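# Structure at a glance
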Amino acid sequence: MLVSAKDMLNKAKAGHYAVGQFNINNLEWTKAVLLTAQELNSPVILGVSEGAGKYMCGYKTVVNMVNGMLEELKITVPVALHLDHGSYEGAYKCIEAGFSSIMFDGSHYPIDENIAKTTELVKVCSEKGLSLEAEVGSIGGEEDGVIGTGEVADPKECKAIADLGVTMLAAGIGNIHGKYPANWTGLSFETLDAIGQLTGDMPLVLHGGTGIPEDMIKKAISLGVAKINVNTECQLAFAEATRGYIEAGKDQSGKGFDPRKLLAPGYEAIKATVKEKMELFGSVGQA
Ligand code: 13P
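Residues numbered from 1 in each chain as written. Predicted model: local features only at pLDDT ≥ 70, side-chain atom pairs only at ≥ 80, totals over all residues. Heavy atoms only, no water.

## Quick look at the overall build of the protein chain
Counting secondary structure elements, the protein chain contains 11 helices and 10 strands. For 287 residues, the compact-globule formula gives about 19 Å, and the C-alpha radius of gyration of the protein chain, at 18 Å, lands near that figure. Seen along its three principal axes, the alpha-carbon backbone of the protein chain occupies a region of about 65 × 45 × 35 Å. In the protein chain, which comprises 287 residues, the proportion classed as buried is 55%. Within the protein chain, contacts between residues separated by at least 24 positions form 71% of all contacts whose residues are at least 6 apart in sequence. In the form shown here, the protein chain has an accessible surface area of approximately 12,700 Å², with 53% of it arising from carbon and sulfur atoms. In the protein chain, which carries 25 positive and 36 negative side-chain charges, the distance between the mean positions of the two groups comes to 6 Å. (Helix = DSSP H or I, 4+ residues; strand = E, 2+ residues; numbered from the N terminus. Rg over C-alpha atoms; globule rule 2.2 N^0.38 Å. Buried < 20%, exposed > 50% of the residue type's maximum accessible area, 1.4 Å probe, protein only. Contact = heavy atoms within 4.5 Å. Areas by Shrake-Rupley, 256 points an atom, 1.4 Å probe, with all protein chains shown as cover. Lys, Arg positive; Asp, Glu negative; His and termini not counted. Charge placed at Lys NZ, Arg CZ, Asp CG, Glu CD.)

Now the structure itself:
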C-alpha cells in the first residue's frame, strides 16, 4: 500500500540520512526502483513529473501500475508515489487519482500567491493524509521544458512556507536539474544552514541530485536535507546501457528486437544507480 512520505522523512531527518526520490518514466524504471528498495530494505519515493505522467497514459494508469507492482512484487518497504513539480491543477488531478504525496511547485508565483495556493493544498492534503512538498526559489536547469537558473531561496520566505504546515520543503540553494556546468559554484551551504535554523524539524529537499559531489551530498544531509531527487542519472544510465545493446546488433537473429531483452540492460543499470544512491544517502536498512 502506498504511504505518505511524512513518517519516512521525519525519521530520515532525525536519523541524519536522506530518502531517495527516483523519478519513473515507464514500467522497467518503476520495477527497478521498487525491487532495489526492497532488496536494500530502504524506504523510497517514486517521483512522477507531469510530462512523465502524461507519457505513462495519465496519473490513474501510474497509480494502478504502481499499486499492482506493490502487490505482485510483494513490496513491503514504505513507498510514496509523489507528483514532482506539480502545477496547481496537476496537484488536484494527482490527489484525485490516488497519489500518496504531492509537490506543489509555486516557486514561479509571487510569494503571496505561492503562500495562498500552498495553504489551500495543505488543507486538502492533510484531510486526505497525503504529504505535501512546497518549493521556494526555483531550481535551475530544465523542468519539463522550463529552464531556470539556479536561484537561491530567501530563508525568511522558506520559514513562511514551512509554517503553513507542509510536510517537506524544497529550497533553491544553487542546485539545478540535469548535469552541472563546469563553472558551477556549488551548493550554498550558508543558505541551507540559514533555512535549517529557521525551519527547525522540517525535512528539507534537495532537487537536482545528479552530479552533486558526494561530500556536498553528505554535508547537505548533515544540514537537514532528508530527501534527495534523482532523475537524470537514471536516464543517462538507462540510455547508455540500452544503446550498447542495440549497437551490439543483438536483434534476436533476424527476428527483430524483443523489448524485454532490449530494455533489460537499462533495467539493470537503473538498479545499480538506485543502489549506489541509497548507499550514499544512508537509507539502506531504514525501512
Ligand atoms: P536531476 O535530473 O538533476 O537528477 O534532478 C531530479 C529532480 O530534482 C527532480 O525533481
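## Side note on helix H7 (residues 155-162)
Working note: α-helix, 3.6 residues per turn, so residues spaced by three or four point in the same direction. What H7 keeps buried is the set Pro 155, Cys 158, Ile 161 and Ala 162. Buried positions in H7, seen along its axis, are confined to an arc of 120° and lie on one side of it. Looking at the buried positions of H7, the neighbouring elements they touch are helix H6 (111-128), strand E5 (131-136), strand E8 (168-171) and helix H8 (189-199). Capping of H7 at its N-terminal end is provided by Asp 154; its side-chain oxygen lies 2.9 Å from the backbone amide nitrogen of Lys 156. (Arc of directions from axis to C-beta. Polar contact = N/O pair within 3.5 Å; in protein donor to acceptor, adjacent residues only side chain to side chain.)

## Here's the deal with the packing of helix H5 (residues 88-97) against H6
Relative to each other, H5 and H6 sit at 5°, their axes nearing to 12 Å. With respect to their mutual orientation, H5 and H6 come out roughly parallel. Taking contact as the criterion, the partners of Tyr 88, Ala 91, Tyr 92 and Ile 95 in H5 are, on H6, Lys 117, Glu 120, Leu 121, Val 124, Cys 125 and Lys 128. Per-class residue counts for the contact of H5 with H6 are 7 nonpolar, no polar and 3 charged. (Axes fitted to C-alpha atoms, helices over the stretch in contact; angles between N-to-C directions. Parallel < 35°, antiparallel > 145°, perpendicular 65-115°, else oblique. Nonpolar A, V, L, I, M, F, W, Y, C, P; charged D, E, K, R; others polar.)

## Concerning the site of the ligand
Asp 84, His 85, His 177, Gly 178, His 207, Gly 208, Gly 209, Thr 210, Asn 229, Val 230, Asn 231 and Thr 232 make up every residue found near the ligand. Here an oxygen atom of the ligand and a backbone polar atom of Gly 208 are 2.8 Å apart. When the free accessible area of the ligand is taken as 310 Å², the share hidden by the protein chains comes to 98%. (Near = heavy atom within 4 Å.)

## Some details on helix H2 (residues 27-39)
Between its first and last C-alpha, H2 extends 18 Å over 13 residues, near the 18 Å set by a 1.5 Å rise per residue. Within H2, burial applies to Glu 28, Trp 29, Thr 30, Ala 32, Val 33, Leu 34, Leu 35, Thr 36 and Ala 37. With a side-chain oxygen positioned 3.2 Å from the backbone nitrogen of Glu 28, the residue opening H2 is Asn 26. A positive phi of about 50° marks Asn 41, the residue just after H2. (Expected span 1.5 Å × (residues − 1).)

## Some points on the packing of aromatic side chains
Under the defined criterion, the tally for this structure stands at 6 aromatic pairs. Ring geometry for Trp 29 against Phe 238: centres 4.5 Å apart, planes inclined by 35°, an arrangement best described as tilted. In this pair, Trp 29 is assigned in helix H2 and Phe 238 in helix H10 (residues 232-247), connecting sequence segments 209 residues apart. Phe 238 gets classed as buried once you look at its relative accessible area, which sits at 10%. Between the aromatic rings of Tyr 88 and Tyr 92, the centroid separation amounts to 5.4 Å while the plane-to-plane angle is 80°, which identifies the pairing as edge-to-face. In this pair, Tyr 88 and Tyr 92 both sit in helix H5, 4 residues apart, roughly one turn of the helix. Residue class for Tyr 88 comes out buried when judged on its relative accessible area of 19%. With relative accessibility at 28%, the residue Tyr 92 sits in the partly exposed group. (Phe/Tyr/Trp six-rings, centres within 6.5 Å; stacked < 30°, edge-to-face > 60°.)

## Some remarks on unusual backbone geometry
Unusually for a residue other than glycine, His 16 sits at a positive phi of about 60°. Examined against the element boundaries, His 16 turns out to sit in the loop between helix H1 (6-15) and strand E1 (19-23). Among the residues examined, His 16 registers a relative accessible area of 59% and is labelled exposed. Phi at Cys 57 takes a positive value of approximately 70°, unusual for a residue other than glycine. The topology assignment puts Cys 57 in the loop between helix H3 (50-55) and helix H4 (59-72). By relative accessible area, which is 60% here, Cys 57 ends up exposed.

These figures capture arrangement, not role.
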